[in-house]
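Breakdown of the fold
In case you want the letters, here they are:
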Amino acid sequence: MTKNKRANFGSKLGVILASAGSAVGLGNIWRFPYETGNHGGAAFILIYLGCIILLGLPIMISEFLIGRHSQKSTGGAYSVLAPGTQWKWVGRMGVLAGFLILSYYSVVAGWTLEYIFEAVTNSFSGKSANDFIDSFNSFSGNPWKPLIWLVLFLLATHFIIVKGVEKGIEKSSKIMMPALFILIIILVGCSVSLPGAEKGIEFLLKPDFSKVNGEVFLGAMGQAFFSLSLGMGCLSTYASYFGKNTNLTKTAFSVGIIDTIVAIMAGFIIFPAAFSVGIQPDAGPSLIFITLPNVFQQAFSGAPVLAYIFSVMFYVLLAVAALTSTISMHEVVTAYLHEEFKLTRGRAATLVTSGCIFLGIFCSLSMGATKEYTLFGLNTFDLFDFVTAKIMLPLGGLLISIFTGWYLDKKIVKSEITNNGQLKGSIYVYLIFILKYIAPVAISFIFINELGFLK
Ligand code: TRP
């Protein structure tokens, strides 16, 4: 398997944690709550869960087997599996998507650093809900501050990427992921016990299907791809570092379950807290940065020390969760430049980091200074998010399912699912059926129904 002494994750746990580290990030804690809020709550969540099961897991298994079998990052995998065909464009589109997502994702990741700084300097204490709204707006609209954090965050990502797969990626995930999990559980407890939290819980559990339209479906599908790091070959690139004994199906289920639990729990932190202080659930990207500091202040109003400790810990872990995700996106682009253009890893990484800083500056400024410059009513930041999460990722997922379901030799699929006959692989028949028919039809239908075409 390791023909060319390709770097490998050191252990089974390492594989799961690194993949889950990619999946769990701002997508779960920042993007999932605001998309849920924008799309009306419980009904969106149900459709989202449907997308995870029907599209997410099968496509994740596809990405895994493409990566492990080709032993290449996504930018080169299709030239190995389908030489001389145009399938290579699926890989290339993935690389581009990764680069674009990394550019705006790092802006928000930078915000988490500012919030660590504010938590450490105790500037949340004594503030009201309205103060948090004002301070978020003045921070994100400030032309300089967010840029400094953006650059710092990308440099941290860069540093780990240059250190390599096992030492950098695997080690950091192993420590931080479990810590984040525990803190999230504590915060759910705090949030649901705030006064008036019931309304938030109801928002999450009581579906109102009258609000469901094509946009809700597109939003849920995009969020499923985004949150699971799918559709651009990110997990496929990681799978090229898996060992030959890694059980792909099991790994996909573990990652899917961990990712979904974290997202749902993030919902149970944000919405009870938001309703409790009267913040609208559809506040958009600022939602967690406004509600969360408030949760800490209110839940621990009798014990300011606890409020302090928990808020510092939370933002540190959020930044780390974001870091394990930015690493995974950076890796896709860096590995592509390294493998296909024979640049050294260091040079490739430097190019990626500088390019992302450049694009990130535009995304960041569009929250304030250049807010009025819009296309289709979206500023640069929102446009990047829309084009990648709602178009490029589902399109990538569509092509990946067609590739595995129709094009790829079924012997390869079977041998990857069963690790060359060692595992039962009872999922094989369902997998192929979903990849051949269900996923392509469902994704196309959601696309046509909503974009049809951009009305
Ligand atoms: N899934 C990550 C999150 O939820 C973000 C992410 C990492 C991602 N790699 C990706 C999103 C690849 C789309 C594609 O925060």
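To keep things clear, this report deals only with the structure shown in the data block.

1. Some words on the site of the ligand
Around the ligand, a shell composed of 17 residues is seen, among which Ala 23, Gly 27, Tyr 105, Phe 226 and Ser 229 lie nearest. The backbone of Phe 226 places a nitrogen or oxygen atom 2.8 Å from a nitrogen atom of the ligand. Considered on its own, the ligand offers 360 Å² of accessible surface; in the complex 100% of this is hidden by protein. Most atoms of the ligand, that is more than half of them, are within 2 Å of grid points of the largest cavity. Going through the elements one at a time, helix H1 (12-23), helix H2 (26-38), helix H5 (88-120), helix H10 (214-227) and helix H14 (304-341) are the ones with two or more residues in the shell around the ligand. Class assignment for the residues of the shell around the ligand results in nine nonpolar, eight polar and no charged.

2. A few points about the environment of Phe 32
Relative to the elements of secondary structure, Phe 32 occurs in helix H2. C-alpha of Phe 32 to C-alpha of Phe 99: the two residues are 67 residues apart in sequence and 21 Å apart in space. Other than its neighbours up to four places away in sequence, Phe 32 contacts Gly 27, Phe 44, Ile 45, Tyr 48, Gln 223, Ala 263 and Ile 264.

3. Regarding the packing of helix H3 (residues 42-70) against helix H16 (residues 380-407)
Following both chains from N to C, one finds H3 and H16 inclined at 65 degrees, their axes separated by 10 Å at the closest point. Here H3 is positioned roughly perpendicular relative to H16, judged by the angle of their axes. As H3 packs across H16, the resulting crossing turns out to be left-handed. Counting all contacts with H3, which are made through Ile 59, Ser 62, Glu 63, Leu 65 and Ile 66, the residues of H16 involved are Gly 397, Ile 400, Ser 401, Phe 403 and Thr 404. Looking at the contact of H3 with H16 residue by residue, the class counts come to five nonpolar, four polar and one charged.

4. Description of the pattern of salt bridges
In the structure shown here, the tally under the stated rule is seven salt bridges. The partner of Asp 385 in a salt bridge is Arg 31, and the shortest N-O contact between them spans 2.8 Å. Residue Asp 385 is found in helix H16, and its partner Arg 31 is found in helix H2; the two are separated by 354 residues along the sequence. Judged by relative accessible area, which is 0%, Arg 31 ranks as buried.

5. Thoughts on helix H7 (residues 145-163)
With 19 residues, H7 extends 28 Å between its outermost C-alpha atoms, agreeing within 8% with the 27 Å of an ideal straight helix rising 1.5 Å per residue. Pro 146, Leu 147, Trp 149, Leu 150, Phe 153, Leu 154, Thr 157, His 158, Ile 160 and Ile 161 are the residues of H7 that are buried. Immediately beyond the C-terminal end of H7, within one or two residues, lies Gly 164, with a positive phi of roughly 105 degrees.

6. A look at the packing of H5 against helix H6 (residues 129-141)
A packed helix pair is summarised by two numbers, namely the angle formed by the two axes and the spacing between the axes. Packing of H5 against H6 brings their axes to within 12 Å, and their N-to-C directions diverge by 125 degrees. As far as their axial angle goes, H6 and H5 are oblique. With respect to the hand of their crossing, H5 and H6 are arranged in right-handed fashion. Residues Trp 111, Glu 114 and Tyr 115 of H5 form the contact with H6, whose own contacting residues are Phe 136, Phe 139 and Ser 140. Classifying every residue of the contact of H5 with H6 gives four nonpolar, one polar and one charged.

7. Examining the packing of aromatic side chains
Summed over the entire model, instances satisfying the criterion amount to 29 aromatic pairs. Seen from their ring centres, Tyr 104 and Phe 381 are 5.4 Å apart, and the 80 degrees between their planes marks the pair as edge-to-face. In this pair, Tyr 104 sits in helix H5 while Phe 381 sits in helix H16, placing the two residues 277 residues apart along the sequence. The exposure class of Phe 381 is buried, given its relative accessible area of 0%. Between Phe 296 and Tyr 315, the aromatic rings sit 6.3 Å apart at their centres with planes inclined by 65 degrees, giving edge-to-face as the arrangement. Here Tyr 315 lies in helix H14 and Phe 296 lies in helix H13 (residues 287-299), a separation of 19 residues in the sequence. The positively charged end of Arg 31 is found above the aromatic ring belonging to Phe 226, 4.9 Å away from the centroid. Above the face of the Trp 89 ring, Arg 92 is positioned so that its terminal group lies 4.7 Å from the ring centre.

8. Examining the side chain of Ser 140
Within the secondary structure layout, Ser 140 lies in helix H6. Once residues lying within four places of it in the same chain are set aside, the contact partners of Ser 140 are Trp 111, Pro 146, Ser 364, Met 367 and Gly 368.

9. A look at empty space enclosed by the protein
For the structure shown, the criterion picks out two cavities of 30 Å³ or more. Space inside the largest cavity adds up to approximately 140 Å³. When contributions to the lining of the largest cavity are tallied by element, the ones reaching two or more residues are H1, H2, H5, H10 and H14. The leading source of residues in the lining of the largest cavity is H10, at three residues. Considered class by class, the residues forming the lining of the largest cavity number 11 nonpolar, six polar and no charged. The space that makes up the second largest cavity amounts to roughly 30 Å³. In terms of lining, the second largest cavity is formed by Ser 140, Gly 141, Asn 142, Pro 143, Leu 147, Ser 364, Leu 365, Met 367, Gly 368 and Ala 369. Looking at the lining of the second largest cavity residue by residue, the class counts come to five nonpolar, five polar and no charged.

Parameters and conventions
- Residues numbered from 1 in each chain as written.
- Predicted model: local features only at pLDDT ≥ 70, side-chain atom pairs only at ≥ 80, totals over all residues.
- Heavy atoms only, no water.
- Near = heavy atom within 4 Å.
- Polar contact = N/O pair within 3.5 Å; in protein donor to acceptor, adjacent residues only side chain to side chain.
- Areas by Shrake-Rupley, 256 points an atom, 1.4 Å probe, with all protein chains shown as cover.
- 1 Å grid on protein atoms, 1.4 Å probe; cavity = no way out; pocket = protein on both sides within 12 Å on 5 of 7 lines; lining within 4 Å.
- Sits in = over half its atoms within 2 Å of the grid points.
- Helix = DSSP H or I, 4+ residues; strand = E, 2+ residues; numbered from the N terminus.
- Nonpolar A, V, L, I, M, F, W, Y, C, P; charged D, E, K, R; others polar.
- Contact = heavy atoms within 4.5 Å.
- Axes fitted to C-alpha atoms, helices over the stretch in contact; angles between N-to-C directions.
- Parallel < 35°, antiparallel > 145°, perpendicular 65-115°, else oblique.
- Left-handed = near helix turned anticlockwise from the far one by under 90°.
- Salt bridge = Lys/Arg side-chain N within 4 Å of Asp/Glu carboxyl O.
- Buried < 20%, exposed > 50% of the residue type's maximum accessible area, 1.4 Å probe, protein only.
- Expected span 1.5 Å × (residues − 1).
- Phe/Tyr/Trp six-rings, centres within 6.5 Å; stacked < 30°, edge-to-face > 60°.
- Lys NZ or Arg CZ within 6 Å of the ring centre and 35° of its normal.
- Points joined across faces, edges and corners; volume = space filled by probe spheres on them.

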